[in-house]
Amino acid sequence: MEKTSDFDPSLAADPPGGWPVPKSLYLHVPFCRHRCGYCNFSVLAGRDDLQDRFLDAVERELSELQGRRGELGEDRGEARDGRSRRSTMTMTMAPIELDTLYLGGGTPTQLTPPRLRRLFHILSERVSLAEDAEFTCEANPEDLTTETLTGLVEGGVNRLSLGVQSFDDAKLETLQRSHSGEEAVTAIRRAGESIGNISIDLIFAAPGETSPAWQRDLDTACELPIEHISTYSLTYEKGTEFWSRRRQGTLQPVSEDTDIEMYHASRQTLTAAGFQQYEISSFAKQGARSRHNSVYWNGHGWYAVGPSAARFVDGWRDVNHRSPTTYLKQVLAQGSAVAERERIELDQHAREIAAFGIRQIDGIDLQEINRRVGYDFAATIDEVVDRFVKTDTLIRCGHHIRLTEQGLLFADMVESQILD
Ligand code: SF4
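This structure is a prediction, so every number in the text was calculated from the model and none was measured. (Residues numbered from 1 in each chain as written. Predicted model: local features only at pLDDT ≥ 70, side-chain atom pairs only at ≥ 80, totals over all residues. Heavy atoms only, no water.)

## Details of the side chain of T240
Part 1 of the argument: Note that T240 resides in the loop between β8 (228–233) and α7 (241–248).
Part 2 of the argument: Among the polar contacts listed, one links the side chain of T240 to the backbone oxygen of E237, at a separation of 2.7 Å.
Part 3 of the argument: Among all residues touching T240, those that are not within four sequence positions of it are G37, Y38, C39 and N40. (Helix = DSSP H or I, 4+ residues; strand = E, 2+ residues; numbered from the N terminus. Polar contact = N/O pair within 3.5 Å; in protein donor to acceptor, adjacent residues only side chain to side chain. Contact = heavy atoms within 4.5 Å.)

Quick look at the structure:
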């Protein structure tokens, strides 16, 4: 590792080994039946008439990405010295090689079966998946008809992420979900038989929810053929219906103590059932960790397509327009709907690797981050780490740091102080 005492990371343009070459793609499909009261994602509810235009836009955006990638591919060979970036501008339209592909939303399975087939056709022409690639599709339980499941399998999906949220009908109604608990169980069993690698999302701390009720959700999940579970405490995001109702006093959040009790119950129950917690909100059976999410947490590059999608490619973070209709207009007119473009400085890159990486239960290796960015980044956060070690929030073991049990509850604070 090259390091001098007067090294200034803000003057270094690139990591010594170059920026991570993306091998992952996120595609945001914004369609939903209706907008759930707690959701602030980029969603088009009840506008399935725009599905064909959306697929046209995805096709266009992926083609542009292929073109730019051709330029970058030529560029990379010249830029290893961290100085000027010159491109030979040879446009190649080779497929984008990927290790992970993630169709999220919104609800990808809100696309009609013929349109889902068209989406897979578009992807098959523009991306090339590695033999052992992880190909995840999000779905809602009520969408999993035989035709849709067959379409997903034929399209190459080998991991299904189901938005279950709960098995309790009253809680599902509170959350404004469209499925019943029984439908969720049936969908998991059917998808388990055909796709085999099932992840579910569960929400806890819904208004009126009790700890015994949450325990029933966890126990039901543990009896089903599920490989991966993500559990989230309900949040009241500004701009959502739930946020307004909470302010008006017509929706009562559960107490903070109950919220924490539910989180601990998740950890205990899922661990006892053979899941390993590997991130603050993520639990996986052996070999079933999300490879795609690990790319985000470890600061590797990724492509992203669709409204509100954010990509990190060659040291730039580009974020697409959040409004799906503006996204459609801009991509169809000019091939791009980038609303924000930010150059990521080397120091920021190092901080992000550490801040997002610390969410993982195994923690982070500061020496590895030093190696990736080419200077002693660990020294720049030494004081912050010491402070959190003293308050029993972090454990330091040589150049390795991780959250303590207590620290799991304060991860957001650790993240923000590392980023500062
Ligand atoms: S189904 Fe999911 S993405 Fe769609 S509105 Fe509900 S929470 Fe949001």
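Okay, back to it.
## As for the confidence of the model for the protein
Part 1 of the argument: Residues at a pLDDT of 70 or more form 92% of the protein, whose mean pLDDT is 92.
Part 2 of the argument: Low pLDDT (under 50) marks residues 1–5, which in the prediction has 7 contacts with non-local residues, meaning those over four places away or in another chain.
Part 3 of the argument: Low pLDDT (under 50) marks residues 74–91, which in the prediction has 30 contacts with non-local residues, meaning those over four places away or in another chain. (pLDDT = per-residue confidence, 0-100.)

## Observations regarding the site of the ligand
Part 1 of the argument: Close to the ligand lie C32, H34, R35, C36, Y38, C39, F41, V43, G106, T107, N140 and R177, which account for all nearby residues.
Part 2 of the argument: Its residues assigned to classes, the shell around the ligand comprises 6 nonpolar, 4 polar and 2 charged. (Near = heavy atom within 4 Å. Nonpolar A, V, L, I, M, F, W, Y, C, P; charged D, E, K, R; others polar.)

## What to know about helix α15 (residues 411–419)
The periodicity of an α-helix, 3.6 residues per turn, causes residues three or four positions apart to be oriented the same way.
Part 1 of the argument: Taken residue by residue, α15 has A411, V414, E415 and I418 as its buried positions. Taken end-on, α15 shows its buried residues confined to a sector of 100 degrees, consistent with a single buried face.
Part 2 of the argument: Those residues of α15 hidden inside the fold are in contact with α11 (346–357), α14 (382–390), β16 (394–397) and β17 (400–403). (Buried < 20%, exposed > 50% of the residue type's maximum accessible area, 1.4 Å probe, protein only. Arc of directions from axis to C-beta.)

## A closer look at a nonpolar patch on the surface
Part 1 of the argument: Together, L409, F410 and M413 line one region of the surface with nonpolar side chains, adding up to about 250 Å² of accessible area.
Part 2 of the argument: Tracing the sequence through the fold places M413 in helix α15.
Part 3 of the argument: Relative accessible area serves as the criterion here: at 40%, M413 is assigned to the partly exposed category. (Patch = residues over 30% accessible without salt bridge, like charges linked within 9 Å, V, L, I, M, F, W, Y side chains within 5 Å. Areas by Shrake-Rupley, 256 points an atom, 1.4 Å probe, with all protein chains shown as cover. Salt bridge = Lys/Arg side-chain N within 4 Å of Asp/Glu carboxyl O.)

## Examining unusual backbone geometry
Part 1 of the argument: The omega torsion of the bond from G105 to G106 falls at 25 degrees, within 30 degrees of zero and hence cis.
Part 2 of the argument: Relative to the helices and strands, G106 resides in the loop between β4 (96–105) and α2 (113–126).
Part 3 of the argument: In this model, D314 sits at a positive phi of 55 degrees, which is unusual for a non-glycine residue.
Part 4 of the argument: Counting through the fold element by element, D314 comes out in the loop between β12 (310–313) and β13 (316–320).
Part 5 of the argument: In the Ramachandran plot, D392 falls in the positive-phi region, its phi being about 60 degrees despite a non-glycine side chain.
Part 6 of the argument: Among the structural elements, D392 can be located in the loop between α14 and β16.

## Focus: the packing of aromatic side chains
Part 1 of the argument: Counted under the stated rule, the structure contains 10 aromatic pairs.
Part 2 of the argument: Judged by centre distance (5.5 Å) and plane angle (85 degrees), the ring pair of F31 and F54 falls under edge-to-face. Remark: F54 occurs in helix α1 (residues 51–76) and F31 occurs in strand β2 (residues 31–32); sequence separation between them is 23 residues. The residues F31 and F54 share a single accessibility class, namely buried.
Part 3 of the argument: For the pair F120 and F135, a centre-to-centre distance of 6.0 Å together with 85 degrees between the ring planes defines the contact as edge-to-face. With F120 in helix α2 and F135 in strand β5 (residues 127–139), the pair connects residues that are 15 residues apart, well separated along the chain. (Phe/Tyr/Trp six-rings, centres within 6.5 Å; stacked < 30°, edge-to-face > 60°.)

## Details of the pattern of salt bridges
Part 1 of the argument: Scanning the model with the defined rule gives 25 salt bridges in all.
Part 2 of the argument: Between D49 and R47 there is a salt bridge whose closest N-O contact spans 2.8 Å.
Part 3 of the argument: Residue class for D49 comes out exposed when judged on its relative accessible area of 51%.
Part 4 of the argument: R47 sits in the partly exposed class, given a relative accessible area of 33%.

## Considering the pairing of strand β9 (residues 276–279)
Part 1 of the argument: Relative to strand β10 (residues 282–284), β9 runs antiparallel, the two being bridged by 3 bridges. What sits directly across from Q276, in β10, is A284.
Part 2 of the argument: A loop of 2 residues connects β9 with β10, the two strands running antiparallel in sequence. (Pairing = 2+ DSSP bridges.)

## Side note on the sheet that holds β13
Part 1 of the argument: The sheet built from 3 strands is open, its strands ordered β12-β13-β14 with antiparallel pairing. Each having just a single partner strand, β12 and β14 (338–343) make up the two edges of the open sheet. Taken over all neighbouring pairs, the strand axes of this sheet differ in orientation by 15 degrees on average, direction set aside.
Part 2 of the argument: Note that β12 and β13 share 4 bridges and pair antiparallel. The residue of β13 that forms the bridge with F312 is R317. (Axes fitted to C-alpha atoms, helices over the stretch in contact; angles between N-to-C directions.)

## Some points on α11
Part 1 of the argument: In this model α11 runs 16 Å from its N-terminal to its C-terminal C-alpha over 12 residues, within 8% of the 16 Å that 1.5 Å per residue would give.
Part 2 of the argument: Summarising burial for α11: 9 of the 12 residues are buried, a large majority.
Part 3 of the argument: Buried residues of α11: L346, H349, A350, R351, E352, I353, A354, A355 and G357, and no others. (Expected span 1.5 Å × (residues − 1).)

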